[in-house]
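Here is what each chain is made of, one letter per residue.
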Amino acid sequence: MRYLPLTDDDRRTMLAGIGVQNIDDLFADIPDDVRLKELVDLPRHASELEVERQLGAMAARNTAASSVPFFVGCGAYKHHVPASVDHLIQRSEFLTAYTPYQPEISQGTLQYLFEFQTQVAMLTGMEVANASMYDGSTACGEAVLMAQRLTRRTNAVLSGSLHPQYRDVVVMLSDMSETPLKALSADPEGTEDIIASIDDDTACVVVQTPDVFGRVHDLSKIAAAAHEKGALLIAVVTEVISLGALKPPGEMGADIVVAEGQSIGVGLNFGGPYVGLLATRQKYLRQMPGRVCGETVDANGKRGFVLTLSTREQHIRREKATSNICTNSGLCSLAFTIHLSLLGEAGLMKLARINHANAIALADALTGINSVEILTPSFFNEFTIRVPGKGAAVIESLAEKGVLGGVPASRLVPGQKDLDDLIIVAATEVNTPQDREVYVKALTEVLS
Amino acid sequence: MSMNKAGRPTSAQSGQKSDHPTFTGNKALQIEEPLIFEVGETGKTGVDLPEPEPHETRLGGLERQNIGLPGLTEPEVMRHYVRISQKNFAIDAGVYPLGSCTMKHNGRLNEKMARLPGFGDVHPLQPESTVQGALELIDTLAAWLLEMTGMAGVAMSPKAGAHGEFCGMAAIKSAQIAKGDARSVVLVPESAHGTNPATAALLGYKVRDIPAREDGTVSPEAVKEALDSDVAGIMLTNPNTCGLFERDIVAIADAVHEAGAYFYCDGANFNAIVGKARPGDLGVDCMHINLHKTFSTPHGGGGPGSGPVVFSEAIAPYAPVPYVVRNGDMFSLVESVDAAEGAKPFGRQTAFHGQMGMFVRALSYMMSHGSDGMRQASEDAVLNANYIRAGLRDVMSQPFGDQVCMHEVLFDDSFLKDTGVTTLDFAKAMIDEGFHPMTMYFPLVVHGAMLIEPTESESKAALDQFIATLRDLVQGARDGDLVRFTGAPHHAPMARLDETRAAREPVLRWNPEAPAEAAE
């Protein structure tokens, strides 16, 4: 067995040193009637080559995003990641380290977390950020809980244009803690009046921009209305590249910003692992969930970094902790930080312009088809179209023609009939003019 | 001119001190590295991008003017992150015996498999017809986990152990509400991970502590005494955080069930008993499995983890969405509560389907080891921990007496009494010797706890050196060599850091207003 260094001789010598006869003497506390006498019913060990064959066969049954014209988004986006990112995150010192509990020998991890927190704060226009959450959706749930602690109120108001799976996460948390919630219904036309839903019991308002249908929102008025009632504004961003083009939520009055960071440095991975961003105002940091890295000095006065504010955390506070969370998304936050260090402001803003330009070109090309209508006049790199018939069937037909053309709204919000003919389409820098032509041709055929 | 026949000196100069200061502050391979914000420039980029096609913006008048983010070119980025990486300890570099954390070797095949385009480059919302292999992988891993645990159902989506705890307890809560038997209290032993009481509180439960008995385990009597009709369940770690198998676990499970409550098992230490016992045979109703511990997906400096939860028949119907359904050779996803047939999911815990990248790595580990290798891994992990116990039992102190342990061995600080050396000092001195310290001050039930988990990945030679080193440290503490301890680490990239200052005046980001000189 290639992973186990002990030899049978070692095992015999060690058992003798311990003073027992055989290995089962070390498992004697397991009651005899429940101790397994036989191997479980699974295949025996396998060579690298055998495992590669079996897993390779499964992988081959999937259509990789890079292999086709690809326009799927809704919270996860296909972007190009520089080769150096994956190389660096595979360094043993990053990959095979634990949480930096011993800061004297963990400055590598701690320094990049400090860089990460600073980048996230700059990107979102906020004052402070934590060291990352599991993903955007769980960060959204944690942000609502944080707002409830800060305001000592329970009611959250969720925009109908919040990613439906993010909404489901918040709804589940409120169901489980038996707290009230107001979730507005899906709003592809952008007509909801969320301000009317804010009252004196509102803990927070949760609004996404660009929203799940792609529409861009100015949050200033909602922020002002929320603050007037003593409520907080939580801004959600699922496409973090948009922050290279759009005014950040921090400049529009948001109190907490949560985002999915996958677009920078992290692959699609069929939905995970990703990296959740959570940023807020300095004055709220003691109610911020999750791990935080802070600057300090060592005994020689040299600058260094440590995990800090752990008195908020479960291993100290137990049932009084701000969250039960005890990991961040370490390696994904490293990938994010490295990719963003490569991009810098100049690179990110240019990348954002390319995404926007490609989306505009695609939107214009698709609406050139007679029966296709666009619902989102303003957008970043994603927009919603209405097609004759069912969106899900259209997407399936497109897939048969080798085009992954977007997400049918009905997949995210099943059971709401007026969304059945909507498709949410994303374009990024990976799409070529040829991809666009292939898409238009395929959609024209499918709809005719 | 005569030839210099001596040439380059090749012998080390004797009597030279080795701690001469340097001009740069660097120490050969240890190179000081500023923050990217101190070296990068906003106008610089390490990514070459084409000019966008000419376009008018449709951003609703919300254009951003600047961000302030510095950029670096690829050579600068490589050097920056390679240099800081060299300030990290890692399993690949040395013994990392963090009790309860399970720092075992991370097979590189697993990394390679996770990066196959068919897994790594697939979108979670692609049509099902284009992701049959991804769904097959999830279904296969689920089946392996069920076989290993002897349980009836599994939720794959929880993102980490604590997320899995929430999943299991939420399913228990839903099951009781569905029966019209909502309850308000959860029992948690004092030795539990802090996540257990934190999870119970998140779900609105009150926590009732259960004390440990003299030998470090939980007694069925103490559980029975705490049980009443308000108790929803117990959250019990097995093997427990003292490194002991809860030998009365079946009696505890029976008592819990008799009271109409359920048994949540914290599976953080499942790696000790894989292939030796199955939670399903022990009366467990839910257990999360830390794929990043038991099945060796990399810890990555603090995540990402993955925490699937296995369920008994009674709780399985309440497992969250999404889940994969197999129909012959075809697979489909159930993504909404309304679409769940014959089940009553408590809802959704995360967008998408869970930590796919970790699923691939874990299945790669499991297939590589197989039924025989996984059992052998558990046996070797337990053997290694007991070998350390035997090698140190005469010089270090065990809080519950010298008894067989599972995959980790627990010491307390009574052997350091009157030496002036604390558990923290002892741990820091290990750093100088080239070892990562063990887990310290956990579990909380033991004074100055030191929890050592070597895992199956260590060779006998590595263990022998580890034991000899700790024996020498104990001797040093007894001999009054205080500087070795209280000033430690002496040879790490940093001396001891001031954590109090960090918490009192939190500086959580670099600020352009406060240049680095002021901070140093």
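Reading the values: the criteria
Residues numbered from 1 in each chain as written. Chains lettered and ligands numbered in written order. Predicted model: local features only at pLDDT ≥ 70, side-chain atom pairs only at ≥ 80, totals over all residues. Helix = DSSP H or I, 4+ residues; strand = E, 2+ residues; numbered from the N terminus. Buried ≥ 20, exposed ≤ 12 C-beta atoms within 10 Å, placed from the backbone. Contact = placed C-beta atoms within 7 Å. Axes fitted to C-alpha atoms, helices over the stretch in contact; angles between N-to-C directions. Parallel < 35°, antiparallel > 145°, perpendicular 65-115°, else oblique. Left-handed = near helix turned anticlockwise from the far one by under 90°. Nonpolar A, V, L, I, M, F, W, Y, C, P; charged D, E, K, R; others polar. Pairing = 2+ DSSP bridges. Expected span 1.5 Å × (residues − 1).

**Quick notes on the overall build of chain B**
Logical step 1: A count of helices and strands for chain B gives 15 helices and 12 strands.
Logical step 2: In terms of overall dimensions, chain B has a C-alpha envelope of 100 × 75 × 45 Å along the principal axes.
Logical step 3: Scored against the burial criterion, the 520 residues of chain B give a buried share of 58%.
Logical step 4: For chain B, long-range pairs separated by at least 24 residues make up 73% of all intrachain contacts whose partners lie at least 6 apart in sequence.

**Considering the packing of helix α5 (residues 132-149) of chain B against helix α10 (residues 356-392) of chain B**
Residues and elements named next belong to chain B.
Logical step 1: Packing of α5 against α10 leaves a shortest axis separation of 10 Å and a crossing angle of 55°. Here α5 is positioned oblique relative to α10, judged by the angle of their axes. Considering how the two elements wind past one another, α5 and α10 form a crossing that is left-handed. Seen from α5, the contacting residues are A134, L137, I138, T140, L141 and W144; seen from α10, they are M356, F359, V360, A362, L363 and M366.
Logical step 2: Of the residues contributing to the contact of α5 with α10, the split by class is 11 nonpolar, one polar and no charged.

**Some remarks on the sheet that holds strand β11 (residues 439-440) of chain B**
All names here are of chain B.
Logical step 1: Spatial strand order, β10-β12-β11: three strands in an open sheet with antiparallel pairing. Among the strands making up the open sheet, the edge pair consists of β10 (409-411) and β11.
Logical step 2: As paired strands, β11 and strand β12 (residues 450-452) are joined by two bridges and run antiparallel to one another. The residue of β12 that forms the bridge with M440 is M450.

**Focus on α5(B)**
Residues and elements named next belong to chain B.
Logical step 1: In this model α5 runs 26 Å from its N-terminal to its C-terminal C-alpha over 18 residues, within 8% of the 26 Å that 1.5 Å per residue would give.
Logical step 2: Burial runs high along α5: 13 of the 18 residues are buried.
Logical step 3: Count one or two residues on from α5 and you reach G150, which has phi positive near 65°.

**Things to note about the interface of chain B and chain A**
Logical step 1: Residue-level contacts link 176 residues of chain B with 170 residues of chain A.
Logical step 2: Examining the composition of the side of chain B that touches chain A, we find that 22 residues originate from one element, α10(B), more than from any other.
Logical step 3: Looking at the side of chain B that touches chain A residue by residue, the class counts come to 86 nonpolar, 56 polar and 34 charged.

**Structural notes on the sheet that holds strand β7 (residues 276-280) of chain A**
Note on sheets: strands pair through backbone hydrogen bonds, and any given pair is parallel or antiparallel.
All names here are of chain A.
Logical step 1: Strand order in the open sheet formed by seven strands is β1-β7-β6-β5-β4-β2-β3, with mixed pairing between adjacent strands. Looking at strand neighbours, the two that pair on one side only are β1 (128-129) and β3 (181-183), the edges of this open sheet.
Logical step 2: With three bridges joining them, strand β2 (residues 155-158) and β3 adopt parallel strand pairing. The residue bridging L158 from the neighbouring strand is A183, located in β3.
Logical step 3: Its contacts with the sheet place helix α6 (residues 136-151) against β2, β4 (202-208), β5 (232-237), β6 (256-260) and β7, and it is angled at close to 170° to β6.
Logical step 4: Running over the sheet, helix α8 (residues 220-228) touches β4 and β5 and is turned about 150° from β5.

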